[in-house]
Amino acid sequence: MTIEPSESATDGVPVSADPVGADFDAPAQTPASPRKGMFGISGTGDVSGFGGLVRRHPEVVGTPKPYGGYFDEVADALEEAYPGFADAIEKVVVDRGELTLHIKPERIAEVAQTMRDDESLRFELCSSVSGVDYLNSDARRLHVTYQLTSMTYRRRVRLEVAIPVGGTVPSVTSIYPTADWQERETYDMFGVVFTGHPNLTRVLMPDDWEGHPQRKDYPLGGVPVEYKGAEIPPPDQRRVYQ
Amino acid sequence: MTQSGYASERETTEGRVFTVTGGDWDTLTGSVDPLSNEKIVVNMGPQHPSTHGVLRLVLELEGETVQEVRPVVGYLHTGIEKNLEYRNWTQGTTFVTRADYLAPLFNEAGYCLAVEKLLGITDQITERANTIRVLFMELNRISSHLVWLATTGMELGAISMMLYGFREREYILDIFEETTGLRMNHAYFRPGGVAQDVPESAIKKIRDFLVYLPKKLKEYEDMLTGQVIWQERTKGVAVLDVTGCLSLGITGPVLRSAGLAWDLRKTMPYCGYENYEFDVPTATTADVWGRYQVRLAEIRESLKIVEQALDRLRPGPIFVADKKIAWPAQLAVGLDGMGNSLEHVAKIMGQSMESLIHHFKLVTEGFRVPPGQVYVAIEHPRGELGVHAVSDGGTHPYRVHLRDPSFVNLQAIPAMAEGALLADVIAGGASLDPVMGGCDR
């Protein structure tokens, strides 16, 4: 999708530029990793003394048993009901009173099926499916999270899968039809391909849009303002606290 | 025996015999109507008054019967989730409040609860802040349901209902304006509490409203409930049972109209909802009529909660005590809208340099949130509003996803409308109460 800049006869008046993100796939610039300093600038100008700070993304570590609360019950019930448990579960994380099961991507549909159908699990409702892009902190940077709700037991569990760019995840639409649009949104925004989805098309962005806007390396647009040819830089290039 | 357009005929030894029967319209139209097998594709929207904003429905019609519906959304996508990633955590409320513009305080509440859970300060939220949140969320629920009643009334031909619904909503918007400074998009709830206290004048207005609205509700019921047209347009229309709701992820009044009393305020309480007396209204008809009755009953239940919240409102702080999170200045509503209180400005400019530095750092930099992710869900007027918030330890959200009930619920339109009449698409779609600002974000 490209829009030709209009031919403007008057000098000094900003003309419309190509929409940012028009030609994707080769990002304009990738944020340096790990982040340095405090204000997102390099070279000169930082007299704050914070320029030497280096911030790293912390590694997510698994939680040892017992997990506490109903988490042990859920994990044990899943282990009992799903034969491939040891192989499919990469990590179990308990944080802030929430249970996250990190699943191998190719097993997610099987696990979801067990989570829904097993009597002692009964996660009838798939509340939400969404993506997160862990650029620079995980080699398999695209994560998909599934928030499952058990109305019978009033419990919540999060399933999480991680894939590299170009990887695929089996769709859970046959188990939870509600995932239909939510998987489409995750595809639209992150470019995660769900195999077996009946109609994996864009849902929020226009059909002919290129690129996946919620990815962290998606180039952002600046705002051409009508003041002495000045332009507001894109938000990630402004001098801000990081 | 063969069939012509008008009478069945049969060859006998005496010759051809016609059997004429009267009024057999099915036979007649079936044989003569050349249009009956012709499918028409109709684009409803995105600028159709009955589509609640910019929703587009691609309908495949056979006569007046809907064969296939394909909802197309995204016309109101404004990138709220992406924008959040370039603002600090407190500024986030300014963005999320604009998602579902008929229930702005719910977006703020969901977001703030998620940030507070990430910070680990859920227990430190003061009693008064929680009560104010409940109070305003319930008022907002009433105003949202009133708009539903108004727009649905208009779409089904009850224009006066539209006028009444919007008229009563104005009272609530006045209360919001009195307290937050704005009628919509308040940014009133902040991570850690609420932006400012409720003035006495607003409390008085709420008390008046508690007396005023029940009378009006009675009027709506007198006008609609017994009316034949209203019943014909809603009863048995757009049926979706519990199984359908759960598999499609439909929550809120639509699920409750099918008979399942699932309300997060009861089943997974937050903001102290477990301390309030209220019922979860349900219906068993699973149709538009049931949803109408559930929403009317919910307005009454919300009034009960508002009354209890007013009684529970005790003087006290409205923000967490932690000065690393709490906004340093009390905001005050000035003549020109919201602003810092003059006393605070006098203090930081005249006496305390440290206060000024602290204020400056908190406003420009914001606070840091320990890394991790949470999912918080609250009962929105349209169902479960989920906020999935991820922090990488910085002053900005790393990722915030709003699981908006309008977005998920709209998936039910094909299940409700296919095989029914075109007019029922309007009734069924309206009964989901979709708000496209929330759906498209």
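Residues numbered from 1 in each chain as written. Chains lettered and ligands numbered in written order. Predicted model: local features only at pLDDT ≥ 70, side-chain atom pairs only at ≥ 80, totals over all residues.

Enquirer: Could you clarify how one ought to interpret the overall build of chain A in this entry?
Expert: Helix and strand counts for chain A stand at four helices and eleven strands. Considering only contacts within chain A whose residues lie at least 6 apart along the sequence, 53% involve residues at least 24 apart. (Helix = DSSP H or I, 4+ residues; strand = E, 2+ residues; numbered from the N terminus. Contact = placed C-beta atoms within 7 Å.)

Enquirer: Which parts of the structure should I look at to understand helix α17 (residues 422–432) of chain B?
Expert: The periodicity of an α-helix, 3.6 residues per turn, causes residues three or four places apart in sequence to face the same way. Across the eleven residues of α17(B), nine count as buried, placing the element largely inside the fold. Residues of α17(B) that are buried: Asp424(B), Val425(B), Ile426(B), Ala427(B), Gly428(B), Gly429(B), Ala430(B), Ser431(B) and Leu432(B). (Buried ≥ 20, exposed ≤ 12 C-beta atoms within 10 Å, placed from the backbone.)

Enquirer: What exactly am I supposed to notice about the sheet that holds strand β3 (residues 89–95) of chain A here?
Expert: The strands that make up a sheet are held in pairs by hydrogen bonds between backbone atoms, and each pair lies either parallel or antiparallel. Residues and elements named next belong to chain A. Across the sheet, which stays open at both edges, the five strands sit in the order β3-β4-β7-β6-β5 with mixed pairing between neighbours. Strands at the two margins of the open sheet, each flanked by one partner only, are β3 and β5 (125–133). Recorded for the sheet is a direction-independent mean angle of 20° between the axes of neighbouring strands. Summarising the sheet, strand β6 (residues 142–150) and strand β7 (residues 155–163) pair through nine bridges and their orientation is antiparallel. What sits directly across from Val144, in β7, is Val161. (Pairing = 2+ DSSP bridges. Axes fitted to C-alpha atoms, helices over the stretch in contact; angles between N-to-C directions.)

Enquirer: I tried to follow the packing of helix α5 (residues 127–155) of chain B against helix α6 (residues 159–180) of chain B on my own but got confused; where do I start?
Expert: Helix-helix packing is characterised by the crossing angle of the two axes and by the distance between the axes. Residues and elements named next belong to chain B. It is the contact of α5 with α6, at a shortest axis distance of 7 Å, that shows an interaxial angle of 160°. Classified by the angle between their axes, α5 and α6 sit roughly antiparallel to one another. Of the two possible hands of crossing, α5 and α6 adopt the one that is left-handed. Across from Leu139, Ile142, Ser143, Leu146, Val147, Leu149, Ala150, Thr151, Gly153 and Met154 in α5, the residues of α6 making contact are Ile159, Met161, Met162, Gly165, Phe166, Glu168, Arg169, Ile172, Leu173 and Ile175. Across the contact of α5 with α6, the residue classes tally to 14 nonpolar, four polar and two charged. (Parallel < 35°, antiparallel > 145°, perpendicular 65-115°, else oblique. Left-handed = near helix turned anticlockwise from the far one by under 90°. Nonpolar A, V, L, I, M, F, W, Y, C, P; charged D, E, K, R; others polar.)

Enquirer: So what exactly am I meant to see when it comes to the pairing of strand β4 (residues 98–103) of chain A here?
Expert: Side chains on a regular strand alternate between the two faces of the sheet. Strand direction decides the pairing type here: β3(A) and β4(A), joined by six bridges, are antiparallel. Residue pairing in the sheet places Val92(A) in a bridge with Leu101(A) of β4(A).

Enquirer: Any chance you could explain the sheet that holds strand β12 (residues 383–391) of chain B here in plain terms?
Expert: All names here are of chain B. Sheet architecture is open: three strands sit in the order β11-β12-β13, paired in antiparallel fashion. Two strands lie at the open edges of the sheet, namely β11 (372–380) and β13 (399–403), each paired on one side alone. When strand polarity is set aside, the average angle formed by the axes of neighbouring strands in this sheet is 15°. Note: β11 against β12, nine bridges, orientation antiparallel. For His380, the partnering residue across the bridge sits in β12 and is Gly383. Where helix α4 (residues 104–119) meets the sheet, it contacts β11 and β12, and its direction lies at approximately 150° from that of β11.

Enquirer: How should the domain arrangement of chain B be read in this particular structure?
Expert: Accessible area lost upon the coming together of the parts is a frequently used measure of interface size. Considered domain by domain, chain B is made up of domain 1 (1–33) and domain 2 (80–325 + 367–440). Taken over C-alpha atoms, the centre of domain 1 of chain B sits 60 Å from the centre of domain 2 of chain B. (Domains from an automatic or database assignment.)

Enquirer: I tried to follow the pairing of β5(A) on my own but got confused; where do I start?
Expert: Residues and elements named next belong to chain A. For β5, a buried count of nine out of nine residues is recorded, marking the element as mostly surrounded by other parts of the structure. Alignment of β5 against β6, held across eight bridges, turns out to be antiparallel. Each residue of the ladder has a partner; that of Ser130, found in β6, is Thr145.

Enquirer: Just to check I follow, could you spell out the environment of Val254(B) for this structure?
Expert: All names here are of chain B. Considering the arrangement of structural elements, one finds Val254 in helix α10 (residues 253–257). Considered as a pair, Val254 and Arg382 are 128 residues apart in the sequence and their alpha carbons are 8.0 Å apart. Not counting chain neighbours up to four residues away, the residues in contact with Val254 comprise Leu240, Cys245, Arg291, Asn409, Ser431 and Leu432.

Enquirer: So what exactly am I meant to see when it comes to the interface of chain A and chain B here?
Expert: Tallying the contact residues gives 31 residues for chain A and 39 residues for chain B. Looking at the side of chain A that touches chain B, the elements that each hand over two or more residues are β5, β6, β7 and α4 (179–190) of chain A. It is β5(A) that provides the largest number of residues to the side of chain A that touches chain B, a total of six residues. Grouping the amino acids of the side of chain A that touches chain B by side-chain chemistry returns 13 nonpolar, nine polar and nine charged.

Enquirer: Can you walk me through the packing of α6(B) against helix α7 (residues 200–224) of chain B in this structure?
Expert: All names here are of chain B. Contact geometry for α6 and α7: axes closest at 11 Å, N-to-C directions at 170°. As far as their axial angle goes, α7 and α6 are roughly antiparallel. Counted together, Met161, Tyr164, Glu168, Tyr171, Asp174, Ile175, Glu178 and Thr179 of α6 and Ser201, Ala202, Lys205, Ile206, Phe209, Tyr212, Leu213, Lys216, Tyr220, Met223 and Leu224 of α7 form the full contact between these two elements.

Enquirer: Would you explain the confidence of the model for chain A in this entry?
Expert: Low-confidence regions, as indicated by low pLDDT, have predicted coordinates that should not be scrutinised in detail. Residues and elements named next belong to chain A. Chain-level statistics for chain A give a pLDDT mean of 78 and a share of 75% at 70 or above. Of all the helices and strands in chain A, strand β1 (residues 35–36) carries the lowest mean pLDDT, 58, while β6 carries the highest, 93. Contacts from residues 1–34, a stretch scored under 50 in pLDDT, to residues over four places away or in other chains number 42 contacts. (pLDDT = per-residue confidence, 0-100.)

Enquirer: What is the right way to look at unusual backbone geometry in this model?
Expert: Glycine aside, the phi torsion of most residues is negative, and most peptide linkages are trans. Cis geometry is adopted by the peptide bond preceding Pro66(A), which originates at Lys65(A) and carries an omega value of -5°. Residue position: Pro66(A) is located in the loop between β2 (54–55) and α1 (71–81). Residue Asn185(B) is not a glycine yet carries a positive backbone phi of 50°. Inspection of the secondary structure assignment puts Asn185(B) in the loop between α6 and β7 (189–190). Judged by the 18 C-beta atoms lying within 10 Å of it, Asn185(B) is partly exposed. A positive phi angle is found at Arg441(B), which is not glycine, with a value near 50°. Here Arg441(B) is to be found in the segment after α18 (436–440). Owing to 27 C-beta atoms within 10 Å, Arg441(B) belongs among the buried residues under this scheme.

Enquirer: Could you clarify how one ought to interpret the environment of Ala423(B) in this entry?
Expert: Residues and elements named next belong to chain B. Inspection of the secondary structure assignment puts Ala423 in helix α17. Taking the C-beta count within 10 Å as the criterion, Ala423 has 14 such neighbours and is therefore assigned partly exposed. Considering only alpha carbons, one finds Ala423 and Asn43, 380 residues apart in sequence, at a separation of 14 Å.

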